[in-house]
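So you can see what is in the structure, the chains are spelled out below.
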Amino acid sequence: MVLAFAGVSAASMAQDAVPTEKYSVATNSFWDNWFVQANVVGTSFWGSQERSMVKFDKLFKGYRTNLGFSVAVGKWFTPGIGLRTKFSGIWGRTVISEDKKINANKYWTLNEQVLFNLSNMILGYDENRFWNFIPYAGAGVARNMSYNRYTMGLTAGLLNTFRLNEKLAVNLDINYGLYGAALDGWPDAGIIRHSVKNKDRVINVEVGLTYNIGKSTWNKTPDVDAIKALSQGQIDALNAQLADCNAENARLKDLLAKKPAVQPGETKTVTVNKIVSAPVSVFFNIGKSKIASQKDMQNIQGVADAAKANNAKILVTGYADSKTGSVNLNQTLSQKRAEAVADALVNMGVDRANIETAAAGGVDTLSPISYNRRATLELK
């Protein structure tokens, strides 16, 4: 059984060697992440009357071993920490001879145990992980029914679960229990209670199934920073467009201020041969040359319609922010952004000969720096 366990564990460790992204999980309701377990148990008993420590060569002698069962109910409060109430029994041994019949007794134990899923705690939560390695420790009460005696005890063990599907897993539970001398019913007069070798001990190997009740997985917590970044990106886009409009308004005011005054009674004929429009900004995510928002596509459509109606040319200038990427990378990225907008204009019916592209590279003309991840469109 030990060799089989080692083989399965090695295979499972190889599977779990694939990196798992670690992330926080949302807290589930009280009624989620419950489970029940049922196991067949092989137990080796070591009595206080033997006055010796456990010896491996005697561990599996028939006069000290017996079969039993265990059932448990528990709940995971986080992917790494849970509680389990476990009942086990009922066929035991009082190791006073090498005769199985003389040694036979009946008993039960009831323990409360704290579970630590080290697989999730160390490697990160993964709902599809095949093998989970779960040490635990606990305390409880035991009763020897044959001798009508009660005692307290401590337990510690390793629970290994092997996932079959979302609801079922196979258990391999190896544990050790340390109890008062009343567990096997043998009189304990004169025993030094604080000595481990003068306690009743049990070593259990359990194989069975775990069944998950209700919701058994954990949801990833929302990425608040990503949500904030997305909202901030939309605000940045609006602010950049507003900055462009303000700059164009200032330019037009300057032109009006420099325009010669018309004398009274004088008439002047003005021929308009140029369309003047404020630059339109199109925004991109960091390091990307794909237009980020469909709303920007509507702005491009407006420029395309104006250019086609007036047979005007369009200048498309790409930019990147100077705080990220090398100079060469930003130059290439800004060119790709300009070309992406030019391609969108062509798809909207603008003659490619009427589109001029330019690459400004990495700049920091706008603040915050994310404003500069854009391309601008301007009618010439």
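Right above here is the structure, for reference.
Cut-offs and rules
Residues numbered from 1 in each chain as written. Predicted model: local features only at pLDDT ≥ 70, side-chain atom pairs only at ≥ 80, totals over all residues. Heavy atoms only, no water. Helix = DSSP H or I, 4+ residues; strand = E, 2+ residues; numbered from the N terminus. Expected span 1.5 Å × (residues − 1). Buried < 20%, exposed > 50% of the residue type's maximum accessible area, 1.4 Å probe, protein only. Arc of directions from axis to C-beta. Patch = residues over 30% accessible without salt bridge, like charges linked within 9 Å, V, L, I, M, F, W, Y side chains within 5 Å. Areas by Shrake-Rupley, 256 points an atom, 1.4 Å probe, with all protein chains shown as cover. Salt bridge = Lys/Arg side-chain N within 4 Å of Asp/Glu carboxyl O. Pairing = 2+ DSSP bridges. Axes fitted to C-alpha atoms, helices over the stretch in contact; angles between N-to-C directions. Core = buried A, V, L, I, M, F, W, Y, C linked by side-chain atoms within 4.5 Å. Parallel < 35°, antiparallel > 145°, perpendicular 65-115°, else oblique. Left-handed = near helix turned anticlockwise from the far one by under 90°. Contact = heavy atoms within 4.5 Å. Nonpolar A, V, L, I, M, F, W, Y, C, P; charged D, E, K, R; others polar.

**Student:** Help me out: how do you make sense of helix α5 (residues 294-310) in this one?
**Tutor:** The periodicity of an α-helix, 3.6 residues per turn, causes residues three or four positions apart to be oriented the same way. End to end, α5 covers 25 Å across 17 residues, agreeing with the expected 24 Å (1.5 Å per residue, within 8%). Taken together, the buried positions of α5 are D296, I300, V303, A304 and A307. Seen from one end, α5 has its buried residues packed into an arc of 105 degrees, which puts them on one side. Along α5, exposed side chains directed more than 90 degrees from the buried face belong to Q294, K295, Q298 and A309.

**Student:** Explanation requested: a nonpolar patch on the surface in the structure shown.
**Tutor:** Side chains of I81, F116, M121, I122 and L123 sit close together on the surface and give an oily, nonpolar patch of about 430 Å² of accessible area. Relative accessible area serves as the criterion here: at 33%, F116 is assigned to the partly exposed category.

**Student:** Whenever I open this one, unusual backbone geometry confuses me. Can you help?
**Tutor:** Only a minority of non-glycine residues have a phi that is not negative, and only a minority of peptide bonds are not trans. Geometrically, the link from G89 to I90 is a cis peptide bond, its omega value of 0 degrees lying close to zero. Relative to the elements of secondary structure, I90 occurs in strand β3 (residues 81-93). Of note in this structure, N148 is not a glycine but carries a positive phi near 55 degrees. By the secondary structure assignment, N148 is in the loop between β5 (131-144) and β6 (149-163).

**Student:** Even after reading the chapter, I still don't get the pairing of strand β10 (residues 314-321), so can you show me in this structure?
**Tutor:** Along any regular strand the residues' side chains alternate between the sheet's two faces. Counted residue by residue, β10 has seven buried out of eight residues, so it is predominantly covered. With five bridges connecting them, β10 and strand β12 (residues 374-379) associate as antiparallel partners. Directly across from T317, in β12, lies its bridge partner T376.

**Student:** Honestly, the sheet that holds strand β7 (residues 168-179) in this entry has me stumped. Any pointers?
**Tutor:** Strands pair in a sheet through their backbones, by hydrogen bonds, and they do so in one of two ways: parallel or antiparallel. The strand order around the closed barrel built from eight strands is β1-β2-β3-β4-β5-β6-β7-β8, with neighbouring strands paired in antiparallel fashion. Here the average twist between neighbouring strands, direction ignored, is 25 degrees. Pairing of strand β1 (residues 34-46) with strand β2 (residues 65-76), which is carried by 11 bridges, proceeds in the antiparallel orientation. Pairing of V40 across the sheet is with F69, part of β2.

**Student:** Help me understand the nonpolar core in this model?
**Tutor:** In summary, soluble globular proteins display a tendency toward joint burial of nonpolar side chains. In terms of nonpolar packing, the biggest core is built from 22 residues, with I300, I314, V316, V341, L345 and L377 touching the most fellow members. Contributing elements (two or more residues each) for this core: β9 (280-283), α5, β10, α6 (327-347) and β12. Looking at this core, the element that brings in the most residues is α6, giving five residues.

**Student:** So what exactly am I meant to see when it comes to the packing of α5 against α6 here?
**Tutor:** A pair of packed helices is characterised by two quantities: the angle between their axes and the separation of those axes. For the pair α5 and α6, interaxial distance at closest approach is 10 Å and the crossing angle is 60 degrees. Here α6 runs oblique to α5, going by the angle between their axes. As for how α5 packs across α6, the hand of that crossing is right-handed. Across the interface between the two elements, M297, I300 and A304 of α5 pack against V341, A344 and L345 of α6. Of the residues contributing to the contact of α5 with α6, the split by class is six nonpolar, no polar and no charged.

As far as function goes, none of this settles anything; it's purely spatial.
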